[in-house]
Amino acid sequence: MGCAEGKKYGLVGIADHYTETALDEDGVLHSISFKNDEKFNFAYDVIDVMAKKCPDKLAMLYVSKEGRERRFSYRDMAKYSNKAANYFSYLGIKRGDKVMLVLKRHFQFWFSLIALHKIGAVAIPAADLLTKKDFEYRFKVGEIDAIICTADGEVSREVDKAARGNSRLRTKIMVGGARESWHCFNKDIRYFSSNFNRPQDAPGGEDPMVMFFTSGTTSYPKITTHCYKYPLGHFVTAKYWHQVDPDGIHFTLSDTGWAKAMWGKIYGQWICEAAIFVYDFDDFDAKDILKMIEKYRITTFCAPPTVYRVMVHLKLENYDLSSLQNVTTAGEALNPKVFDKFKEKTGFDIMEGFGQTETTMLVGNLNGMTPRPGSMGKPNPLYDISVMRPDGTLAEPGEEGEIVVRTDDGAPDGLFTGYYNDKEKTDAVWYDGYYHTGDTAFMDEDGYFWYVGRVDDVIKSAGYRIGPFEIENEIMKLPYVLECAVTSVPDRIRGQAIKATVVLADGNEGDEHMKNDIVKYLKKNIASYKWPKIVDFAKELPKTISGKVRRAEIKRGDWSEEREEVPAVATEEEAVTSEEPAASEQS
């Protein structure tokens, strides 16, 4: 293992130096607090420490899209991040500079990110799917000074188009290739020293460390700012949710261009001394992912619900998944039907978690908990979480409201510090001692949270407040449905009516007979005020780069003045109940 005293310097040495935890009588995490974090810097205090104590221990197993394997130890991570830090400093990148990373799943992402943490430059991960217009917006509002970009595809050309006339963007570095006006990372880094000593005034603690552009599901992306304490917030994510094994290997599927990569591909996993697995693929193929789990004996796995929705339609018994110890999901609410099918085929409970770009994991099914299909789990003890009514009072169990984080006693490590250069948007979600997530849920009598939807996604129809997720769950129970999205459409009588956009499994196309079949099924299984007026079929749902369904994009077309009237699949008399809505369901 390369560490003479085994796990001493991982779970005990590093984590215990910064955390104080307590478990309840069932072994579930009860409380956690952090200490010695005033100047904490992940690059120096985790990577460099592990490089000294366990230099040969595996930190990352990397597999390229062609199948080439590379293994990196903690010594390697320290060495190459030092070389990158010296290289970036030579190019003029300094503390406080904003540096965009567009590196897919290339192993150079980790070298670069750790190097920027050492320098004190602010890292801004981004996706390689962005276009000229996207980059222009991000360069301007993010005040980007430098970019480190993959040579794959057309992304560097889109960067060049967006950079024309931008006087602030002064440094462009390319990974995996070379082009005019770009520095060549792979070639140049070889000439720089592998020594980079921690200066006395090294960045840490409350200093800005990383920024993420949000998914932009309802508006232009905001810029979420996190400080150097942010990685500590992911300790719970890795140890108690992913349940990583220090002697195993963890596989989170996400691209490095969005915040979920920070949940599962670096911070918490390495604080817990677990190796990470990186598969640098271009196009998602569930069968390929299963083969990787089988071949490399993955012990813990995390993927968005979309992946599990595909996997449950495969013959999972054809794959050896015996190395797996725990599987998790986040990014969207997980449908109970998918949970049940996956458990039936593999024996594993999918441990769901919930959080945002602005946070680490807020709610989850942690080690020792019994998950309830369809529930996000219970609050992470790191955060003081409640459900709040629209009038600002706290909701009772079973009552829907907005998920909020109490901050009047201070913001916990892991919560963002604000939206960059946007006090108005920050104040709109963070006020009166609470951070308002914009997500709605209810909590049951046992403390489990059940997702309803984004505040903007809640449908108000004929006096009812209707969460889309409940209807989506019912539709997902049909064996021929892959995924679906429920949104609102304008309605002369109700104000809003319900629309279901359905994607069928195996690429099948829907017809009127199938529409009627869906409607008949729903009439038997949900209350009449939740029946969709419209059922549409689509080949795929619009999604953000992080895989979340863009319900706002579906609604935008339906609420535009130019939209033609869509024939209803249920009459007005069938869709409107004669009963009065319950008080808790009224708008």
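Fair warning: this is a prediction, and the values are worked out from it, not measured in the lab.

**Here's the deal with the pairing of strand S23 (residues 434-443)**
Each regular strand displays side chains that alternate between the two surfaces of the sheet.
No. 1: Most of S23 is tucked away, with eight of its 10 residues classed as buried.
No. 2: Where strand S22 (residues 430-431) and S23 come together, two bridges link them in antiparallel fashion. Within S23, the position partnered with Trp430 by the bridge is Tyr435.
No. 3: Counted between consecutive antiparallel strands, the loop separating S22 from S23 contains two residues, among which Asp432 sits at a positive phi close to 55°.
No. 4: Examined bridge by bridge, S23 and strand S24 (residues 449-454) share five bridges and lie antiparallel to one another.

**Points about the sheet that holds strand S27 (residues 481-491)**
No. 1: With mixed pairing, the three strands of this open sheet are ordered in space as S27-S28-S29. Among the strands making up the open sheet, the edge pair consists of S27 and strand S29 (534-537). Taking the axes of each pair of neighbouring strands and ignoring which way they run, one obtains an average angle of 25° across the sheet.
No. 2: As defined by bridge partners, strand S28 (residues 495-504) adjoins S29 across four bridges and the pair is classed as parallel. Bridge pairing in S29 links Ala500 to Val535.
No. 3: Lying on the sheet, helix H15 (residues 468-476) is in contact with S27 and S28; it crosses S27 at an angle near 140°.
No. 4: Across the face of the sheet, helix H16 (residues 512-525) comes into contact with S28 and S29 while running at roughly 130° to S29.

**So, the nonpolar core**
No. 1: Met60, Phe88 and Trp270 are the most contacted members of the largest nonpolar core, which totals 104 residues.
No. 2: Of the residues forming this core, the biggest block, eight residues, is contributed by helix H4 (residues 108-119).
No. 3: Listed in part, the 56 residues of the second largest apolar core include Tyr319, Ile459, Ile498 and Tyr529.

**Some thoughts on the packing of helix H2 (residues 42-53) against helix H3 (residues 74-90)**
No. 1: Direction vectors running N to C along H2 and H3 enclose 125°, while the axes themselves pass 8 Å from each other. Comparing their axes, H3 and H2 come out oblique. For the crossing formed where H2 meets H3, the hand is left-handed. Within the contact between the two elements, H2 uses Ile47, Asp48, Met50 and Ala51 and H3 uses Tyr74, Arg75, Met77 and Ala78.
No. 2: Residue composition of the contact of H2 with H3, by class: six nonpolar, no polar and two charged.

**Some words on unusual backbone geometry**
No. 1: With a phi close to 55°, Asn36 is a non-glycine residue in the positive phi region.
No. 2: On the basis of relative accessible area, Asn36 is assigned to the partly exposed category, the value being 38%.
No. 3: Positive phi is not limited to glycine here, since Asp432 has a value of about 55°.
No. 4: On the secondary structure map, Asp432 appears in the loop between S22 and S23.

**Considerations on the pattern of salt bridges**
No. 1: This structure, assessed with the given rule, holds 43 salt bridges.
No. 2: A salt bridge links Lys229 to Asp37; the shortest N-O distance between them is 3.9 Å. You can see Lys229 sitting in the loop between strand S11 (223-227) and helix H8 (230-242) and its partner Asp37 sitting in the loop between strand S2 (29-34) and H2, a full 192 residues away along the chain.
No. 3: What makes Lys229 buried here is its relative accessible area of 12%.

**What to know about the environment of Met77**
No. 1: Among the secondary structure elements, Met77 is positioned in helix H3.
No. 2: The spatial distance from the C-alpha of Met77 to the C-alpha of Arg297 is 22 Å, given a sequence separation of 220 residues.
No. 3: Leaving out residues up to four positions away in the same chain, Met77 has contacts with Ile47, Ala59, Met60, Phe72, Trp110, Phe111 and Trp270.

**What about the packing of aromatic side chains?**
No. 1: Under the counting rule described, the total for this entry stands at 33 aromatic pairs.
No. 2: Here the aromatic rings of Tyr80 and Phe111 are separated by 5.0 Å at their centres, their planes lie at 20°, and the arrangement is stacked. Residue Tyr80 is found in helix H3, and its partner Phe111 is found in helix H4; the two are separated by 31 residues along the sequence.
No. 3: The partly exposed category is assigned to Tyr80, whose relative accessible area is 24%.
No. 4: Among the residues examined, Phe111 registers a relative accessible area of 4% and is labelled buried.
No. 5: Ring centres 6.2 Å apart and planes at 45° place the aromatic pair Phe354 and Tyr451 in the tilted group. Here Phe354 is found in strand S16 (residues 350-355), whereas its partner Tyr451 is found in strand S24, with 97 residues between them in sequence.
No. 6: Here the guanidinium or amino end of Arg138 rests over the ring plane of Phe213, the centre of that ring lying 5.0 Å away.
No. 7: Taking the ring centre of Tyr240 as reference, the NZ or CZ of Lys239 above it sits at 5.3 Å.

So, how was this worked out
- Residues numbered from 1 in each chain as written.
- Predicted model: local features only at pLDDT ≥ 70, side-chain atom pairs only at ≥ 80, totals over all residues.
- Heavy atoms only, no water.
- Buried < 20%, exposed > 50% of the residue type's maximum accessible area, 1.4 Å probe, protein only.
- Helix = DSSP H or I, 4+ residues; strand = E, 2+ residues; numbered from the N terminus.
- Pairing = 2+ DSSP bridges.
- Axes fitted to C-alpha atoms, helices over the stretch in contact; angles between N-to-C directions.
- Contact = heavy atoms within 4.5 Å.
- Core = buried A, V, L, I, M, F, W, Y, C linked by side-chain atoms within 4.5 Å.
- Parallel < 35°, antiparallel > 145°, perpendicular 65-115°, else oblique.
- Left-handed = near helix turned anticlockwise from the far one by under 90°.
- Nonpolar A, V, L, I, M, F, W, Y, C, P; charged D, E, K, R; others polar.
- Salt bridge = Lys/Arg side-chain N within 4 Å of Asp/Glu carboxyl O.
- Phe/Tyr/Trp six-rings, centres within 6.5 Å; stacked < 30°, edge-to-face > 60°.
- Lys NZ or Arg CZ within 6 Å of the ring centre and 35° of its normal.

Any functional reading would require information that these geometric values do not contain.
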